[in-house]
Amino acid sequence: MTEQAKRRSIRRLAARPELRPVVRSAIDLLVRFHIIYKNARLFEPNNITFDVQTGKLLDLMVDIHDQESEAAFHLRQNSLFFNGTRLKFGFQNYGIFKFIVDELKRNEIGGIIFYPGVTGDELRSFIFLLAKRDARAKRSFVGLEAAVRAAGVERIDIEPIPLSEISTDQEKNSAKVYFLSILHLKDSFERDRNNENIRLETSRRLVQSIYNHIVDNESFVYGLTNLKNHDDYTLNHSVNVCALAVGLGRRIGLQRTELMDLGISAFFHDLGKLDTPKEILEKPAGLDPDERAVIQKHPHQGAEKLLHLREFRNLPLRAIHVALEHHIREDLSGYPISFRKREANLFSKIVKIADYFDAITTKRAYRAKIFTRAEALDQMLECSGTEFHPLLLKVFASMLGRYPIGSFVLLDSWEMGIVVDTNSEPQFQLRPKVKLVTDAEGNKIDGDEADLAETDPSSGRFKRTIVRVLEPNKYGINVSDYFFAQAAVRS
Amino acid sequence: MAAEETKNQIPSSLREQASDSAGRSTTGKIREILKLLSQAVSTIKIYPSIHSSLRTLIDELAGRFKSFLDEHGAIEIGIQERSFTYAGQPVFRDDHAVRSLPFFFFKDGMQILFFYPGLDRQEIVEFLEIIRRESFLPPDEADIVNALWEREFGNIQYFAPDDFLESRVLKERDEWAQQMHVVESEGIVLSEVEIKVDKDNFGRGRIELDAEDRVPAARSDSASTEIREVESETDGQAGDQTGAESPLHKASLNEPEIERIEFMIRSNRELPPHQEYIDLLIEILFLEDSLPMFRSTTSVLEQHFMDMVQRGEYDQARLLVERARLLRAHFEQEKNTSKAARLDEFVKFARDEKILAVIKAQILSQDIASPEGLMDFLRTFGPSVLQVLAEVYERIENLDFRRLVLEYIRAMAREDFRTAINLANDHRPLLTREIIGLLFDLKNKKSIPFFANFLNYTTKDIKMEAIDALGAFEDETANKIILEFMKDPDPEIRTRAALRLRYLGDLGRLKQMILQAQSREFRKKSPIEQKAIFTYLGKSRTDEACRYLKSVLMTPSLLSPKVTSLRLLAVDALELMSTDGARAALDRGSRLWNFKIRRACLQALEAVAARSARSEGQDHLPPEADAP
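Along each chain, residue indices are assigned from 1 in the same order as the chain's sequence is written. Following the order in which they are written, the chains are lettered starting with A and the ligands numbered starting with 1. Thresholds applied to this predicted model are a pLDDT of at least 70 for local features of residues and 80 or more for the giving and counting of side-chain atom pairs; totals over whole chains, interfaces and linings are not thresholded and use all residues. Water and hydrogen atoms play no part in the side-chain values, which are based on all heavy atoms of the structure.

A. Here's a closer look at the overall build of chain B. The helix and strand tally for chain B stands at 31 helices and 5 strands. Note on classification: 1.4 Å probe, protein chains only; a residue is buried when its accessible area is under 20% of the maximum for its type, exposed when over 50%, partly exposed between these limits. Considering chain B as a whole, with its 628 residues, one finds that 47% of them fall into the buried category. Once local pairs closer than 6 in sequence are excluded, the contacts in chain B between residues at least 24 apart make up 64%. Carbon and sulfur atoms make up 51% of the accessible area of chain B, which amounts to about 32,000 Å² in all. Starting at the N terminus, helices and strands are each numbered in turn, a helix being any DSSP run of H or I of at least four residues and a strand any DSSP run of E of at least two. Every residue pair with non-hydrogen atoms within 4.5 Å of one another is taken to be in contact. For the accessible areas, the method is Shrake-Rupley and the probe is 1.4 Å, while residue cover comes only from the protein chains on display.

As structure tokens, then:
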């Protein structure tokens, strides 16, 4: 981020009228902290740029201490609190919050308290201690606390992360929630078919849990969406769409109540396919016009089912919108045709993107070509503005990364790997984290996770670079296994 | 160091006692807080949060929370089936099956509840409100964890692990499987979700890239260069990465784009949900092929319409009918008569008496949120709604709504005055008087015969209003009805009628009045009524009337005050008449023995002369006096 962009970001945040002045200062402080933290990874403490930035941070700190007795930041359930007030992030500062939350968690820090009188030296020492620690290592709080004290930092306190904040078996739980969602959907679809009530409160709990896991470990959840179960395609697909849609909704700054409605809408967006004969859904050859007409009825059928369901249960209205509109294109073509042409609902536009992406990256009997995740995004970006809402698609592409999580890639080292995490630094979008699955000779291995942003200290060049996205099915690679393996290992 | 030394000087047993005592005191405070919390929950289920006793309770609870949180920091409450724990110790228990607060949290899988410093009264109130709301929901719709998650409190957090969700989903699945005799497919174990991956496969085998995929790898150098160009302007050097803004980064959202997204979200929040729902219903009906499903969905339409009416959402109800009519027109054009007919049924339903009965009840209970909205909605019913409005008119307290109703009746009356007349009723004095007023305003003489309806009314005010209106018509038919009013048992009505009677050249009517004045009954009438009739005669300015009045004037009183009074009334009428004959009669009267009569005649002559002088200047007849 350029200095100008940073200033813009700070200015925009500061301009939000609803924030208390001190909360605005706290957000400014976090933005500045984020800048210095990243500088600290590159520079030495005596670097002039670093020094200037620290001075600015200190000025902000003094401002805050003029109004508050201390400046305490706490991490609670993946949210940042400043002196008891939750700091909300929007689309523009999402990256900063995510970065800071991730760093706090990695260092097992539950709170940082800056007391009045904190000096520039103390700030410098503290930030360097945090930033210069081995980025890959899982670090203990005790060691850090001792180091802080040893460095003579007295006016900054750190508190350990509460046990309740530490997600044990995170991947295992994410995977469980994923399967439970499929199971619950299966149950719901069967109940609907038999005119029984769907357990919507359970659906809500599952959406809540999916959201929580996205907050905890976004990349892993998106990795799970690589699972393509051909027997229960619609169920599997619906859960994938839910995870991707909730992730996109979160990125654009929807509130929790909205995310809940969005998640429920995504869960049930294909409910209408219950009425589509399996032989048409799975027909290997192309569909004739009559069969196509049958397929194209599913949005209406789904909407109708949800409409009747809504009469008895507290189903969000948007779920009906989404069921009806998720095949309406941005240029208002698509299907079904409307009585009164009007723009699709925001949630329908979000679900459409997630739905399309998951659909074209899934091998289906009738689909001649299966797209890799990167190809799928490219293809979708070509239809930006006509098929998809361009800005939502842009956010979606940025969420999944240039090489989307789950992409099977060939590196310039001749190793092959699976993208398991994006790099939060915008300039490193082409340098995700990759789980190595073969060595340079093509021998399959259960390799480590390689950060493609890592450089060779001797040459200053990147150690590995992606040169090609490969088709996993062609080489017998089941991408989802590599994600589920993480869950299984921890269990 | 000093503190350490002091600590060492205290015997360990005493130190333990002090520590125990501090622990007990902390636990005691928590116990008190939880007791208050439970009391507040029970109270808020009965009273609103503004109720004084609840406010006191909440104030105390907020105070206790603050004092504890300031002193000891965050509170972590363990949740057991029927009890709360603090620091591993039970601190609160409630075994009551329904009201138990610990169970209320426990049943939804909550294991820990956290309260953090900064918790304020407002958050406590909202927390209590959420508990109240959830506790009133049907069991299968309530979930306190969902509710707290959606509210996202700053200083109240909870811990509810996924294990609970797992057991809930599996239990539901198990119940369903048993009910439907479903045999689960392999891989689903109903006691636990298992994740099985054979990791050994990861290390087995080799991947041989095909020719297509090998090409770029062979050109890895150039590919790297290409990517470097995309990455940054740093020539692949890691050192300069922080300052550079890569083209990809530029491809991320810029400020106007962020604002557009924020605008989209705001607009989405502002969409009126009912309007959206109506549009959806119509779209779903439009797409429906199956007639039975079409019928079923129109039932939803009907139910939704009724719900909206019951909730007082009249604008939306009106919109729904409008949209249904549009769709009906579409089906009619498409020659889809079955669907058009079904929509006709809906429109009929929307105009049904049942709907009007609901609205009537709402008006009577003074439950009118939007007078304009309600009136706009009622207008869609057309004239059939007027009877309902007339029935409730007298009891409408909302003056805005009453005004709107009247405006509507006025508008309808302009089209056909009979519509308004039909609404008049002896038991609706307010409305009926308004109707008379608006008939008068309309000045439609065709409405005059309908005034005869008021003759049989018992409400005096209505009759008076009708007489006044009739008088203003200056019409023979109106006079005829006024004459009928002159037979009313109520002297005031008769008087008013006589006053409003106009001479319009009908000698027969005049003679009828003279005969009435000559009758024995006339003598029994009140002086005011007698004067009113004489005034009519005076205003007629006819010789017949003059002759009669003169005869009354000349009748000897014979010490009868009643006769004298009647003669004086005749003087007044002659003065009003002001014709030559009248003046001559007055002149004769001024020479009679009776002092009162003589004086009255003289005064009348003076008045006539003065009026005559004035009128000569103005070249017109003296104005008629309307009132005695």
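B. Empty space enclosed by the protein, seen in detail. Note on definitions: the grid is 1 Å and covers protein atoms alone; a cavity is a set of points where a 1.4 Å probe fits but cannot get out; a pocket is an open set with protein on both sides within 12 Å along at least five of seven lines; lining residues have an atom within 4 Å of a point. Grid points are joined across faces, edges and corners, and a volume is the space filled by probe spheres set on the points. What the rule picks out here adds up to 6 cavities of 30 Å³ or more. Considered as a void within the structure, the largest cavity measures approximately 140 Å³ in volume. What lines the largest cavity is a set of 15 residues, and nearest its centre among them are A:Leu30, A:Phe33, A:Ile100, A:Leu104 and A:Ile112. Among the secondary structure elements, those contributing two or more residues to the lining of the largest cavity are helix H2 (21-42), helix H4 (94-106) and strand E4 (109-114) of chain A. Classifying every residue of the lining of the largest cavity gives 13 nonpolar, 1 polar and 1 charged. Residue lining of the second largest cavity: A:Leu324, A:Glu325, A:Ile328, A:Pro336, A:Ile337, A:Ser338, A:Arg340, A:Arg342, A:Ala344, B:Glu283 and B:Leu287, and that is the complete set. Put simply, the parts of the chain that give the lining of the second largest cavity at least two residues each are helix H14 (317-325) of chain A together with helix H12 (273-287) of chain B. In terms of residue class, the lining of the second largest cavity is made up of 6 nonpolar, 1 polar and 4 charged. Residue polarity follows a fixed list, in which Ala, Val, Leu, Ile, Met, Phe, Trp, Tyr, Cys and Pro are nonpolar, Asp, Glu, Lys and Arg are charged, and the others, Gly among them, are polar.

C. Structural view of the sheet that holds strand E3 (residues 89-93) of chain B. Residue and element names in this part refer to chain B. One requirement defines pairing of two strands: DSSP has to find at least two bridges between them. What the 5 strands build is an open sheet, ordered E3-E2-E1-E4-E5; its pairing is antiparallel. Strand pairing shows two members of the sheet lacking a second neighbour, E3 and strand E5 (156-159), which therefore form its edges. Across the sheet, the mean angle separating the axes of adjacent strands is 30 degrees when strand polarity is ignored. One ladder, built from 4 bridges, connects strand E2 (residues 83-86) with E3; its direction is antiparallel. When the bridges of E3 are listed, Ser83 appears paired with Arg93. In this description, a line fitted to the C-alpha atoms serves as the axis of each element, helices being fitted only across the stretch in contact, and the angle between N-to-C directions of two axes falls anywhere from 0 to 180 degrees.

D. Representation of the confidence of the model for chain A. Taken as a whole, chain A shows an average pLDDT of 85; of its residues, 90% reach a score of 70 or greater. Values of pLDDT, ranging from 0 to 100, describe the predictor's confidence in every residue of the model. Scored below 50 in pLDDT, residues 1-18 of chain A makes 31 contacts in the model with residues more than four places away or belonging to other chains.

E. Expanded view of helix H23 (residues 476-485) of chain B. B:Ala478, B:Asn479, B:Ile481, B:Ile482, B:Leu483 and B:Phe485 are the residues of H23(B) that are buried. Contacts from the buried residues of H23(B) go to helix H22 (460-473), helix H24 (491-500) and helix H25 (507-518) of chain B.

F. Just the packing of aromatic side chains, in detail. Stacked, tilted and edge-to-face are the three classes applied to pairs of Phe, Tyr and Trp rings, where Trp contributes its six-membered ring and a pair requires centres within 6.5 Å; stacked means planes under 30 degrees apart, edge-to-face means over 60, and tilted covers the rest. Going through the model one piece at a time under the given rule, you end up with 40 aromatic pairs over all chains. Arranged with centres 5.4 Å apart and planes meeting at 75 degrees, the rings of A:Phe357 and A:Phe396 form a pair that is edge-to-face. Pair noted here: A:Phe357 is in helix H15 (residues 346-360) and A:Phe396 is in helix H17 (residues 390-400), with a separation of 39 residues, a long-range link. Judged by relative accessible area, which is 0%, A:Phe357 ranks as buried. Judged by its relative accessible area of 0%, A:Phe396 is buried. Ring plane angle 80 degrees and centroid distance 5.9 Å describe the contact between B:Phe451 and B:Phe473, whose orientation is recorded as edge-to-face. Of this pair, B:Phe451 sits in the loop between helix H21 (429-442) and H22 while B:Phe473 sits in helix H22, and the two are 22 residues apart along the sequence. Exposure class is identical for B:Phe451 and B:Phe473. Each is buried.

G. Structural context of the pattern of salt bridges. Between Lys or Arg on one side and Asp or Glu on the other, a salt bridge is scored when a side-chain nitrogen of the former is within 4 Å of a carboxyl oxygen of the latter. Taken as a whole and judged by the stated rule, the model has 87 salt bridges over all chains. Its salt-bridge partner being A:Lys283, residue A:Glu291 comes within 2.6 Å of it at the nearest N-O pair. Relative accessible area serves as the criterion here: at 21%, A:Lys283 is assigned to the partly exposed category. Residues participating in the shared-partner salt-bridge network are A:Arg205, B:Lys107, B:Asp108, B:Asp143 and B:Arg168.

H. Local environment of unusual backbone geometry. Cis rather than trans, the peptide bond between A:Tyr335 and A:Pro336 has omega equal to 0 degrees. Locating A:Pro336 in the fold gives a position in the loop between H14 and H15. The phi angle at B:Glu152 is positive, at roughly 55 degrees, despite the residue not being glycine. Even without being a glycine, B:Arg541 presents a positive backbone phi close to 50 degrees. Following the sequence through the fold, B:Arg541 ends up in the loop between helix H27 (527-540) and helix H28 (543-554).

I. Quick look at the nonpolar core. Here, nonpolar core refers to any group of buried Ala, Val, Leu, Ile, Met, Phe, Trp, Tyr and Cys residues whose side-chain atoms link them within 4.5 Å. If you look at the biggest cluster of nonpolar residues, it comprises 269 residues, and the most contacted ones within it are B:Phe105, B:Phe305 and B:Phe534. Once you skip the residues sitting within four places of it in the chain, B:Phe305 turns out to touch B:Ala317, B:Leu320, B:Val321, B:Phe346, B:Phe349, B:Ala350, B:Ile355 and B:Phe377. In terms of nonpolar packing, the next biggest core, distinct from the first, is built from 46 residues, A:Leu29, A:Leu75, A:Phe141 and A:Ile156 among them.

J. Quick look at the interface of chain B and chain A. Taken together, the contact between chain B and chain A spans 115 residues of the former and 122 residues of the latter. Summing the contributions of chain B and of chain A, the shared interface buries around 10,900 Å²; its carbon and sulfur component is 57%. Taken together, the links from chain B to chain A amount to 16 salt bridges. When the shortest N-O distance is used, the salt bridge between B:Asp279 and A:Arg342 registers 4.0 Å. Polar contacts here mean pairs of N or O atoms no more than 3.5 Å apart (in protein, one a potential hydrogen donor and the other a potential acceptor; neighbouring residues in sequence count only if both atoms are side-chain atoms). Inspection of the chain B/chain A interface yields 41 residue pairs in polar contact (both at pLDDT 80 or more). By convention, the term buried area covers the 1.4 Å-probe accessible surface removed from two parts as they join, with the contributions of both added.

K. The side chain of A:Glu330, seen in detail. Residue and element names in this part refer to chain A. Within the secondary structure layout, Glu330 lies in the loop between H14 and H15. A polar contact is formed between the side chain of Glu330 and the side chain of Lys349, at a distance of 3.2 Å. If sequence neighbours within four positions are ignored, Glu330 has contacts with Glu343, Lys349, Gly385, Thr386, Glu387, Phe388 and His389.

L. Quick peek at the sheet that holds strand E3 (residues 85-87) of chain A. Residue and element names in this part refer to chain A. Pairing in this open sheet of 5 strands is antiparallel, and the strands run E3-E2-E1-E4-E5 from one edge to the other. Only two strands of the sheet have a single neighbouring strand rather than two, namely E3 and strand E5 (156-160). Averaged over neighbouring strand pairs, the angle between their axes works out to 25 degrees when direction is ignored. Of the pairings in the sheet, the one linking strand E1 (residues 71-76) to strand E2 (residues 79-82) comprises 4 bridges and is antiparallel in character. Residue pairing for E2: Phe73 is matched across the bridge by Phe82. Against the sheet, H2 engages E1, E2, E3 and E4, with an angle of about 45 degrees to E3. Relative to E1, helix H3 (residues 48-67) is tilted by about 95 degrees, and along the sheet it contacts E1, E2 and E4.

M. Looking closely at the packing of helix H8 (residues 200-224) of chain A against helix H10 (residues 256-267) of chain A. Residue and element names in this part refer to chain A. Contact geometry of H8 with H10 gives a least axis separation of 9 Å together with a crossing angle of 115 degrees. One finds that H8 runs roughly perpendicular with respect to H10. Note that H8 runs across H10; the crossing there is right-handed. Seen from H8, the contacting residues are Leu200, Ser203, Arg204, Leu206, Val207, Gln208, Ile210 and Tyr211; seen from H10, they are Arg256, Leu259, Met260, Asp261, Gly263, Ile264 and Phe267. Within the contact of H8 with H10, the residues separate by chemical class into 9 nonpolar, 3 polar and 3 charged. To sort the angles, those under 35 degrees are grouped as roughly parallel, those over 145 as roughly antiparallel, those from 65 to 115 as roughly perpendicular, and the leftovers as oblique. Here is the rule for handedness: rotate from the far helix to the near one, and if that takes an anticlockwise turn smaller than a right angle the crossing is left-handed, while a clockwise turn gives right-handed.

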